[in-house]
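Results of the structural survey
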Amino acid sequence: MGWWRVDADTLAGSRFVLSPLAETVAALKTLHRGTGAHPGERRWLATALPRYRERLVADPVTAALVRTALGPRWNATFLTPTPGAAAPMPDAAGLFARELTEVRATPPAVVRADLAETLGAADDSALPPPLLRHEDLAGRAAELLSWVWTETVEPDWARRRRIIEADILARTATLGSGGWAEALGGLRPGMRWLGGDRLRIGDAPSGEPLELAAVELRFVPVTPTQSWLCWDVPAVDGRRVRSGRRYAVVYPCSGVLVDEAHRPVPEALAALLGRGRAELLALLDPPKTTSQLVALTGLPLGSVGRHLRILREAGLALRRRAGRSVLYHRTAAGQVLLDAAPSGARAPGADGPGADGS
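About the criteria used
Residues numbered from 1 in each chain as written. Predicted model: local features only at pLDDT ≥ 70, side-chain atom pairs only at ≥ 80, totals over all residues. Heavy atoms only, no water. Helix = DSSP H or I, 4+ residues; strand = E, 2+ residues; numbered from the N terminus. Buried < 20%, exposed > 50% of the residue type's maximum accessible area, 1.4 Å probe, protein only. 1 Å grid on protein atoms, 1.4 Å probe; cavity = no way out; pocket = protein on both sides within 12 Å on 5 of 7 lines; lining within 4 Å. Points joined across faces, edges and corners; volume = space filled by probe spheres on them. Nonpolar A, V, L, I, M, F, W, Y, C, P; charged D, E, K, R; others polar. Pairing = 2+ DSSP bridges. Axes fitted to C-alpha atoms, helices over the stretch in contact; angles between N-to-C directions. Phe/Tyr/Trp six-rings, centres within 6.5 Å; stacked < 30°, edge-to-face > 60°. Salt bridge = Lys/Arg side-chain N within 4 Å of Asp/Glu carboxyl O. Contact = heavy atoms within 4.5 Å. Core = buried A, V, L, I, M, F, W, Y, C linked by side-chain atoms within 4.5 Å. Parallel < 35°, antiparallel > 145°, perpendicular 65-115°, else oblique. pLDDT = per-residue confidence, 0-100.

1. Brief notes about the overall build of the chain
Within the chain, the secondary structure is distributed over 14 helices and 12 strands. Here the chain, with 358 residues, has 50% of them falling under the buried criterion.

2. Section: empty space enclosed by the protein
Summed over all chains, the structure comprises one cavity of 30 Å³ or more. Its volume calculated, the largest cavity comes out at about 50 Å³. The wall of the largest cavity is formed by Leu28, Leu65, Val66, Ala69, Leu70, Leu79, Ala141, Leu144 and Leu145. Broken down by secondary-structure element, the contributors of at least two residues to the lining of the largest cavity are α4 (60-69) and α8 (137-153). A class-by-class count of the residues in the lining of the largest cavity yields nine nonpolar, no polar and no charged.

3. Concerning the sheet that holds strand β4 (residues 198-200)
Within a sheet, each strand pairs with its neighbour through backbone hydrogen bonds, oriented either parallel or antiparallel. Reading across the sheet, the four strands line up as β3-β4-β1-β5 and stay open at both edges, with mixed pairing between neighbours. The open sheet has two edge strands, β3 (192-195) and β5 (210-212), and neither has a second partner. The sheet shows a mean angle of 30 degrees between the axes of neighbouring strands, taken without regard to direction. Across three bridges, strand β1 (residues 3-6) lies against β5 in parallel orientation. Of the residues in β5, the one forming a bridge with Val6 is Leu212.

4. Comments concerning the environment of Leu272
Along the polypeptide, Leu272 turns up in helix α10 (residues 267-273). We classify Leu272 as exposed; its relative accessible area is 59%. Sequence-wise, Leu272 and Ala341 are 69 residues apart; in three dimensions their C-alpha atoms are separated by 9.9 Å.

5. Some remarks on the packing of aromatic side chains
Applying the stated criterion across every chain yields a total of nine aromatic pairs. Relative to Trp231, the ring of Trp74 lies with its centre 5.9 Å away and its plane at 65 degrees, an arrangement referred to as edge-to-face. In this pair, Trp74 is assigned in the loop between α4 and α5 (92-104) and Trp231 in strand β7 (residues 228-231), connecting sequence segments 157 residues apart. Judged by relative accessible area, which is 32%, Trp74 ranks as partly exposed. Every member of this aromatic cluster is reached through a ring pair, and the members are Trp4, Trp74, Trp231 and Tyr247.

6. Description of the pattern of salt bridges
Across all of its chains, the model carries 15 salt bridges by this definition. A salt bridge links Arg112 to Asp124; the shortest N-O distance between them is 3.2 Å. With Arg112 in helix α6 (residues 108-119) and Asp124 in the loop between α6 and α7 (129-132), this pair connects stretches of sequence that are 12 residues apart. For Arg112, a relative accessible area of 15% puts it in the buried group. Between Arg309 and Glu313 there is a salt bridge whose closest N-O contact spans 3.4 Å. Linking Arg309 with Glu313, this pair stays in helix α13 (residues 301-313), spanning four residues, or about one helical turn. Here Glu313 falls in the exposed class, since its relative accessible area comes to 60%.

7. Looking at the pairing of β3
By the bridge criterion, three bridges tie β3 to β4 in an arrangement that is antiparallel. Of the residues in β4, the one forming a bridge with Trp193 is Leu199. Between β3 and β4, which follow one another and run antiparallel, lie two residues, and Gly196 among them has a positive phi close to 65 degrees.

8. Side note on the packing of helix α3 (residues 39-57) against α4
Relative to each other, α3 and α4 sit at 115 degrees, their axes nearing to 6 Å. On the side of α3, the interface is formed by Tyr52, Arg55, Leu56 and Val57, while α4 contributes Pro60, Thr62, Ala63 and Val66. Looking at the contact of α3 with α4 residue by residue, the class counts come to six nonpolar, one polar and one charged.

9. Considerations on the nonpolar core
Across soluble globular proteins, nonpolar side chains have a tendency to be buried as a group. Counting residues in hydrophobic clusters, the biggest one holds 99 residues, and the most contacted among them are Trp4, Tyr52, Phe78, Leu115, Leu184 and Phe219. Once you skip the residues sitting within four places of it in the chain, Leu115 turns out to touch Leu65, Thr68, Ala69, Ala76, Phe78, Leu127, Leu131 and Leu137.

10. What about α4?
The periodicity of an α-helix, 3.6 residues per turn, causes residues three or four places apart in sequence to face the same way. With eight of 10 residues buried, α4 lies mostly within the body of the structure. Listed in full, the buried residues belonging to α4 are Val61, Thr62, Ala63, Ala64, Leu65, Val66, Thr68 and Ala69. Packing partners of the buried residues in α4 comprise α2 (20-33), α3, α6, α7 and α8.

11. Focus on the packing of α2 against α3
Orientation of α2 relative to α3, taken along the N-to-C sense of each, is 80 degrees, at an axis distance of 10 Å. Relative to α3, α2 is oriented roughly perpendicular. Here Ala27, Leu28, Thr30, Leu31, His32 and Arg33 of α2 come into contact with α3, specifically with Glu41, Trp44, Leu45, Ala48, Leu49 and Tyr52.

12. Let's talk about the confidence of the model for the chain
On average, the chain scores 84 in pLDDT, and the residues at 70 or more come to 86%. This stretch, residues 344-358, has a pLDDT under 50; its non-local contacts, to residues over four places away or in other chains, come to 43 contacts.

13. Looking at the sheet that holds strand β10 (residues 246-252)
Read from one edge to the other, the open sheet built from four strands follows the order β2-β6-β10-β7, with strand pairing classed as mixed. Two strands in the sheet have a free side with no partner beyond their single neighbour: β2 (15-16) and β7.

Have a look at this one:
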């Protein structure tokens, strides 16, 4: 499946949404892969991976389930349900539990058919013996996802949510200024809006398109470097049949600088420029996008944009386009100003989420 044909109503009703379950599945896929795409992921894996592997050693059925469900080309459909419509989420754990219910409720015959599909097999006779003998594989999958959420995602949820929401804000702003071609470009490898009603979702579009007419379409950012497609294809007699009513593109969001250490903002510089602008100036090496800066500082998107404009007008920062992204970096004058400020204590409140300097 290389491309989708998306009708106007579906596109107009599509949304960027946040999903704790998608974040957890992305974390599981990263644990399964066992390698990090950047220093922050590698640091997370150093802590989480030994515990994850220890858990699988103690549970051979779940270990076989994960190896089969996360195939090299395809995820088992029951493991990646499509997130529903965007809704207020005061309780992430509660939303995760509601999303997990769909995984847990998958009938055994459907689970085995989905697993066989990941192996490219015609039926479930090709499944590893531990999976053939077990009747509650959906429950095992739900238990593992619950463990990944509780042990590795939820403790860090506030930071992850801030990065995800920053990406959604940035994508929504891009949609308003540049349309779907700009908002969806580079969302996942090979993905781009081709114009008309055509959305390329892979590297090599071929064959007949999947028709998305009068359905729900969601775009779901996650902080791990993972991407997949999902849809709620109904099951009849233990098999998936076309067509579903909800579709989603899960993609790695921008601004995931989890290993970034804030350079201390000198108190004198914060007093001179204002806390928000001083912190942004300190963060502009290496160059960053506005969404990355929002994620790192916790400042609202509008405040970051305003501060960057003032820094540019003062000759302390410049912006340049790199592909589809706009990067901001310090000028030589900005570097001199930062170096000249005495180091010492940070300005009061300079590093607090939402700290905003005038």
